[in-house]
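Okay, here's what each chain looks like letter by letter:
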Amino acid sequence: MSPEGKTLLNIIILGLGFMVMFTAFGTCGNIEQTVIKSFNSTEFHGSGYTSMAIIYAVFSASNLIAPSVIAVIGPQLSLFFSGLVYSGYIAVFIHPYTSSFYTLSVLLGIAAAVLWTAQGNLLTINSKDSTIGRNSGIFWALMQFSLFFGNLYIFVAWRGKSHITDKDRQTVFITLTVISLVGNFLFFLIQRPDPEPAPTDASESLLPADISDSVSVVPSQSLCSQAFEAFKRSIQLAVTKEMLLLSIPFAYSGLELTFYSGVYGTCLGAMTQFGHDAKGLIGLSGILIGVGEILGGGVFGILDKCNRFGRNPVVFLGLVTHIVAFYLIFLNIASDAPVAPEEGTQMQAFIQPSVTVALICSFLLGLGDSCFNTQLISIVGFLFRDDSASAFAVFKFVQSITAAVAFFYSNYLLLHWQLLIMVLMGFLGTITFFVVEWGVISSRRDSDYDSI
């Protein structure tokens, strides 16, 4: 197999592994608050929002050490062992206890940091400057099929249910645990890519030399030295101009991740105006989020049609898509839906609640999210390809800390305040992304002149 074919196969296997694993975990996150509200036990007093806040808070802190872990055991084993923790978290819901639920939340935060940093590292080392956009789209589209399969199962299993029984819960989470374990073992099929030839002067990194030098270490260095070097590079990258500007769209991606992956499904389940199918509607919403994610990943990644115009048009489309979705949600969903009890909300929305409008918003949330994330992955992989593990660790650090904050305030803030926060961060993040992308385009132009 040619080197290009091998690296493309690695990207596909990486995407398939994440697709299978997040078929389980993404579905778990989408339904856990609804499941917890339906759980009758004097031994359990947990909150899905609080669990997610813990996960993302630990996730953010653990990103500082994730590159060190990958430097020591490699990205492949990092994916596998992190995936086992994901499976353990899902299995907790088979027989939930408060102590095990929150303990696994902490462990999952650590595992998530290692998992996503390893993913970014593998994506980058299997890509070139000319293929990073395509490969980001392929990975994203494949992974987001997880939203389709998992939520289709929930839609069929829970359709017409107003209450989730213990048997319903156990059947779902046993199935999800097994699916997650299958995904973990797919990571062992990833092959080591062939080494690239030395880069020419015209293709060197756009970053200053003191930042973009490779963090590869000589074999004589101890594991501790490798780990410390990776940690030091993460700190150095975090304070570069490009990374500071990108931290705003990173933060926005964390806020809207929280909303579409947990809060919006809870809102739909709380809308009594949708009738007895409100719980099943959570699964159908997840399917349409997945359709939007897959469409965005395909159009802007696999087809790579927007490359000639840079990344800015795609990010702008993502912002417009999200603003339309937020406005329709503001009109269609009652303000207290995120914090309503299991019985649902009795408040009225600004318009007569419509299932059709709710599902259109689900699709728009997924499409907008794919616009932002494919371009963020692409620009990080392009700018920091020599320090990809450290760069993606910083990306996930910022994203996860804002997701943790969002999951925390989701316990208390009414819907319209949550939407307002996302709109403001979305505008600011889009502007700062534009500034970084303009710098990339300018540097490319200068490089082209220098090579003449």
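First, a word on scope: everything that follows refers to the structure included in this document. Note that the coordinates shown come from a computational prediction; the quantities given were computed from them, not determined experimentally. (Residues numbered from 1 in each chain as written. Predicted model: local features only at pLDDT ≥ 70, side-chain atom pairs only at ≥ 80, totals over all residues. Heavy atoms only, no water.)

With that settled, consider the pattern of salt bridges. A side chain with one charge can pair with a side chain of the opposite charge if their charged atoms come near. On inspection of all chains with the given rule, the structure shows 1 salt bridge. R311 serves as the salt-bridge partner of E437, at 2.8 Å between the closest nitrogen and oxygen. Of this pair, E437 sits in helix α15 (residues 415–450) while R311 sits in the loop between α11 (278–302) and α12 (312–332), placing them 126 residues apart in sequence. We classify E437 as buried; its relative accessible area is 1%. (Salt bridge = Lys/Arg side-chain N within 4 Å of Asp/Glu carboxyl O. Helix = DSSP H or I, 4+ residues; strand = E, 2+ residues; numbered from the N terminus. Buried < 20%, exposed > 50% of the residue type's maximum accessible area, 1.4 Å probe, protein only.)

Another aspect to go through is the packing of helix α1 (residues 3–38) against helix α5 (residues 98–125). Close contact between α1 and α5 brings their axes to 13 Å; oriented N to C, the two are set at 155 degrees. In terms of orientation, α1 and α5 fall into the roughly antiparallel class. Like other packed secondary-structure pairs, α1 and α5 cross with a definite hand, here left-handed. In this structure, α1 contributes I11, L14, F18, M21, F22, F25, E32 and I36 to the contact, and α5 contributes F101, L108, L115, W116, Q119, L122 and L123. For the contact of α1 with α5, the residue count by class is 13 nonpolar, 1 polar and 1 charged. (Axes fitted to C-alpha atoms, helices over the stretch in contact; angles between N-to-C directions. Parallel < 35°, antiparallel > 145°, perpendicular 65-115°, else oblique. Left-handed = near helix turned anticlockwise from the far one by under 90°. Contact = heavy atoms within 4.5 Å. Nonpolar A, V, L, I, M, F, W, Y, C, P; charged D, E, K, R; others polar.)

This part takes up the environment of L376. Topologically, L376 is positioned in helix α13 (residues 355–383). Taking relative accessible area as the criterion, L376 reaches 0% and is therefore assigned buried. For L376 and P249, which are 127 residues apart along the polypeptide, the C-alpha to C-alpha distance reads 8.0 Å. Non-local contacts of L376, meaning those with residues more than four positions away in its chain, are made with P249, F250, S253, F395 and F433.

A few words now on the packing of helix α6 (residues 132–158) against helix α7 (residues 166–186). Packing of α6 against α7 leaves a shortest axis separation of 12 Å and a crossing angle of 160 degrees. In terms of axis orientation, α6 runs roughly antiparallel to α7. The two elements α6 and α7 cross, and the hand of that crossing is right-handed. Listed contacts from α7 to Y153, I154 and W158 of α6 are D168, T171, V172 and T175. Its residues assigned to classes, the contact of α6 with α7 shows 4 nonpolar, 2 polar and 1 charged.

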